[in-house]
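# Analysis of the macromolecular model
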Amino acid sequence: MFIPSQNWGEDIAINSSLVKKNLDLIKQNIAHCNVKIIAVTKYYGRQSIISGYEAGLRDFAESRAIESIEKINSLPEDIKQNSIFHFIGHLQTNKAEKVVKNFDIIHSVDSFKLAKVISDSACRLNKKERILLQINNAGEEQKSGFAKDELKSVFESIIELSGIEVIGLMNMAPLGASEQELNKLFGDIKDFKNELESSYKVKLPELSMGMSDDYEVAVKNGATMIRIGRKLFT
């Protein structure tokens with residue numbers, strides 16, 4: 001059952017056997033690739049994380065800072081200690097320190113200002129936060145993310161920040177995009193990653209691309225992380 005946005009976080013019953021069945025099917029579809037499946041639990045309550053964990057998942061993604069931190073802190077201790085928590089939503093700078101404190105990886109860094117705030121927060125917390133830089137290569141006005149030229153103008157400054165480790169790029173394809181359009185957009189992100197690695201002599205091992213409707217196309221174009229919600233929990 002998909003939960004509408006006004007009810008996000010509602011703790012509906014989610015059977016771990018259903019999640020396991022869905023997870024196995026996704027793994028079959030990408031069996032030829034070494035890809036990390038990140039369970040997007042932002043639409044659901046803590047039970048989705050517990051059921052996902054019981055089904056074998058260890059990576060979970062949330063998008064709203066305050067609500068998700070409350071959810072994570074309510075989990076059994078073994079699940080908290082043995083899971084990796086990913087922040088994938090638009091992050092306001094005034095909530096950055098809370099997110100750095102509670103999340104292992106931030107996928108949605110979309111400005112130098114935000115990267116600097118995350119770095120400063122991580123330094124205060126004596127940690128190095130792993131981040132991905134969000135690229136809006138489809139040019140959608142309603143979505144956050146760097147334009148490619150914009151990122152190139154600040155990339156060197158970002159990778160010099162001491163409190164972060166840039167581990168890759170992230171993008172979100174437009175809803176309803178055709179397979180041809182998806183191949184173009186995802187392939188473009190991979191090419192851009194390779195360009196950055198070559199130009200700045202850095203390693204960017206992760207490409208966070210693909211969701212429930214387009215993950216198979218993303219994987220074919222080099223995704224190393226796919227963000228799956230509905231296809232796991234319904």
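Scanning the protein from terminus to terminus reveals ten helices and eight strands. In terms of overall dimensions, the protein has C-alpha extents of about 45 × 45 × 30 Å along its principal axes. Scored against the burial criterion, the 234 residues of the protein give a buried share of 50%. Sequence separation of 24 or more characterises 66% of the internal contacts of the protein that already satisfy a separation of 6 or more. For the protein, the accessible area works out to roughly 11,100 Å², and carbon and sulfur atoms hold 46% of it. Within the protein, the 32 negative side-chain charges are centred at a point lying 2 Å from the centre of the 31 positive side-chain charges.

When helix α2 (residues 46–54) is considered as a whole, its buried residues turn out to be Ser48, Ile49, Ile50, Ser51, Gly52 and Tyr53. Residues of α2 that are buried make contact with α1 (16–29), β2 (59–62), α3 (65–73), α4 (77–82), β3 (84–87) and α10 (230–233). Of the residues trailing α2, Gly56 is marked for its positive phi of about 110 degrees.

Per the counting criterion, the structure on display carries twelve salt bridges. Among the ionic pairs, Lys20 bridges to Asp24, the shortest N-O distance being 2.9 Å. On the criterion of helical spacing, the pair formed by Lys20 and Asp24 is a turn pair, its members being four residues apart in helix α1. The network of salt bridges with shared partners includes Asp149, Lys152 and Glu195.

Our next topic: the nonpolar core. Ile118, Leu133, Leu151, Ile226 and Leu232 are the most contacted members of the largest nonpolar core, which has 74 residues in total. If we ignore the near neighbours within four places in the chain, the residues touching Leu151 are Leu133, Ile135, Phe146, Ile158, Leu169, Phe192 and Leu196.

Using the criterion set out here, one finds five aromatic pairs in the structure. Aromatic side chains Phe60 and Phe85 sit 6.3 Å apart centroid to centroid with 35 degrees between the ring planes, which places their arrangement in the tilted category. Here Phe85 lies in strand β3 and Phe60 lies in strand β2, a separation of 25 residues in the sequence. Here Phe60 matches Phe85 in class, with each residue buried. A centroid spacing of 4.9 Å and a plane angle of 55 degrees characterise the contact between Phe155 and Tyr200, whose relative ring orientation is tilted. Of the two residues, Phe155 sits in helix α7 (residues 148–159) while Tyr200 sits in helix α8 (residues 179–200), which places them 45 residues apart along the sequence.

Bringing the packing of α7 against α8 into the picture now. Between α7 and α8, whose axes approach to 12 Å, the crossing angle comes to 40 degrees. It follows from the interaxial angle that α7 and α8 lie oblique. Handedness of the α7/α8 crossing: right-handed. For the pair α7 and α8, the contacting residues are Lys148, Leu151, Lys152, Phe155, Glu156 and Ile159 in the first and Asp188, Phe192, Glu195, Leu196 and Tyr200 in the second. Taken together, the residues of the contact of α7 with α8 sort by class into six nonpolar, no polar and five charged.

What follows covers the confidence of the model for the protein. Regions with low pLDDT should not have their predicted coordinates read in detail. Summary statistics for the protein give a mean pLDDT of 92 and a share of 94% for residues scoring 70 or more. Counting interchain partners and residues more than four positions distant, the pLDDT-below-50 stretch residues 1–9 has 23 contacts.

With that out of the way, let us pick up the environment of Gly45. Secondary-structure assignment places Gly45 in the loop between β1 (36–40) and α2. Expressed as a C-alpha distance, the spacing of Gly45 and Lys101, which sit 56 residues apart in the sequence, is 20 Å.

A word on unusual backbone geometry. Positive phi, normally seen in glycine, also occurs at Asn126, with a value near 55 degrees. Within the fold, Asn126 resides in the loop between α6 (112–124) and β5 (129–134). Using a relative accessible area of 74% as the deciding quantity, one classes Asn126 as exposed. A positive phi angle is found at Lys201, which is not glycine, with a value near 55 degrees. As for its position among the elements, Lys201 is in the loop between α8 and β7 (206–208).

About the cut-offs
By convention here, each chain's residues receive numbers from 1 onward along its written sequence. Only residues with pLDDT of at least 70 get local features here, since the model is predicted, and only at 80 or more are side-chain atom pairs given and counted; chain-wide, interface and lining totals rely on the full set of residues. The basis for every side-chain value is the complete set of non-hydrogen atoms in the structure, without hydrogens or water. To qualify as a helix, a DSSP run of H or I must reach at least 4 residues; to qualify as a strand, a run of E must reach at least 2; elements of each kind are numbered from the N terminus. Exposure categories follow from relative accessible area, calculated using a 1.4 Å probe and restricted to protein chains: below 20% of the type maximum is buried, above 50% is exposed, and the middle band is partly exposed. Two residues qualify as a contact provided that any one of their heavy atoms is within 4.5 Å of a heavy atom in the partner residue. To be clear on the numbers: accessible area is Shrake-Rupley with a 1.4 Å probe, and residue cover counts the displayed protein chains and nothing else. Only four residue types enter the tally: Lys and Arg on the positive side, Asp and Glu on the negative side, with His and both chain ends excluded. For the purpose of locating charges, the reference atoms are NZ of Lys, CZ of Arg, CG of Asp and CD of Glu. When a carboxyl oxygen of Asp or Glu is within 4 Å of a side-chain nitrogen of Lys or Arg, the pair counts as a salt bridge. The criterion is simple. A nonpolar core is a set of buried Ala, Val, Leu, Ile, Met, Phe, Trp, Tyr and Cys residues joined through side-chain atoms within 4.5 Å. Between 30 and 60 degrees the pair is tilted, below 30 it is stacked and above 60 it is edge-to-face, where a pair is any two Phe, Tyr or Trp rings, Trp via its six-membered ring, whose centres lie within 6.5 Å. To get an axis, fit a line to the C-alpha atoms, keeping to the stretch in contact for a helix; angles then go from 0 to 180 degrees between the N-to-C directions. For classification, angles of less than 35 degrees are called roughly parallel, those exceeding 145 degrees roughly antiparallel, those between 65 and 115 degrees roughly perpendicular, and all remaining angles oblique. Throughout, a crossing is termed right-handed when the near helix is turned clockwise from the far one, and left-handed when it is turned anticlockwise from it by less than a right angle. Only Asp, Glu, Lys and Arg are considered charged in this grouping, and only Ala, Val, Leu, Ile, Met, Phe, Trp, Tyr, Cys and Pro are considered nonpolar; every other residue, Gly among them, is considered polar. Residue-level confidence of the predictor is what pLDDT reports, using numbers from 0 through 100.

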